[in-house]
Amino acid sequence: MKSIREYFKSRRLFMFLAFTLYCAAFFVFEICFFVSGGYAALFATISLLLVFAVICSILAHRGKDYLFCPKCGSDKIVQKTLFGIPAVIHDECPECHEKIDLAKPVNKD
């Protein structure tokens, strides 16, 4: 099994990638207003970007189940940015002040 730190890094990667793909899809959507033709290609591009963004969002959501304190169950060990992307993981729980081994596999808790 992966460790808590590995789940944190993969969740951060997938969420950042999904956010980037959503922004790219919005940018291509905005281009639709400025071009006179080629709507089929733009629609296909937007569709692919959104499909990959949704897949990344689903994969990121699956990793959320392992980012908590093993003692008290608090999910506040992960500090998030404005868009909900994980920024920092703490090795001490802010609620119960228990030291957390982030390198230990999650099935060994």
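Up top you'll find the structure we're talking about.
Residues numbered from 1 in each chain as written. Predicted model: local features only at pLDDT ≥ 70, side-chain atom pairs only at ≥ 80, totals over all residues. Heavy atoms only, no water.

Please set out helix α2 (residues 39-63) residue by residue, giving values where relevant.
Relative to the 36 Å expected for 25 residues at 1.5 Å per residue, α2 spans 36 Å between its end C-alpha atoms, a close match to the ideal helical length. The complete set of buried residues in α2 reads L42, I46, L49, A53, C56, A60 and G63. Considering only its buried residues, α2 is in contact with α1 (4-31). (Helix = DSSP H or I, 4+ residues; strand = E, 2+ residues; numbered from the N terminus. Expected span 1.5 Å × (residues − 1). Buried < 20%, exposed > 50% of the residue type's maximum accessible area, 1.4 Å probe, protein only. Contact = heavy atoms within 4.5 Å.)

Talk me through the packing of aromatic side chains; I want residue IDs and the actual numbers.
Describing an aromatic ring pair means giving the distance of the ring centres and the angle of the ring planes. Within the structure shown, the criterion is met by two aromatic pairs. Each ring, one from F29 and one from F33, has its centre 5.3 Å from the other, and the planes form 80°; the classification is edge-to-face. Lying across the ring of Y7, K2 places its NZ or CZ 4.6 Å from the centre. (Phe/Tyr/Trp six-rings, centres within 6.5 Å; stacked < 30°, edge-to-face > 60°. Lys NZ or Arg CZ within 6 Å of the ring centre and 35° of its normal.)

Quick one: what's the story with the nonpolar core, residue by residue and with numbers?
Residues I4, Y7, F8, L67, C69, I77, V78, I89, C93, I100, L102 and V106 constitute the largest nonpolar core, which totals twelve residues. The contact partners of Y7, leaving out residues within four places of it in the chain, are M1, K2, G63, Y66, L67 and V106. Counting residues in hydrophobic clusters, the runner-up holds ten residues, among them A25, V28, L49 and A53. (Core = buried A, V, L, I, M, F, W, Y, C linked by side-chain atoms within 4.5 Å.)

So what about the pairing of strand β2 (residues 86-89)? Which residues, and what values?
When strand β1 (residues 78-80) meets β2, the two strands line up antiparallel, connected through three bridges. Each residue of the ladder has a partner; that of K80, found in β2, is P86. (Pairing = 2+ DSSP bridges.)

Lay out α1 in plain terms, naming residues and giving numbers.
For α1, with 28 residues, the first-to-last C-alpha span of 41 Å sits near the 40 Å given by 1.5 Å per residue. All of the buried residues along α1 are I4, Y7, F8, S10, R11, M15, A18, L21, A25 and V28. Structurally, α1 contributes buried residues whose contacts are with α2, β1 and β2.

Before we move on, can you summarise the side chain of R11 with the specific residues and values?
Secondary-structure assignment places R11 in helix α1. Here R11 sits buried without a salt bridge, and the closest side chain of opposite charge, D65, lies 7.8 Å off (N-O distance). Among residues more than four places away in sequence, those in contact with R11 are A60, H61, G63, K64, L67 and P86. (Lys, Arg positive; Asp, Glu negative; His and termini not counted. Salt bridge = Lys/Arg side-chain N within 4 Å of Asp/Glu carboxyl O.)

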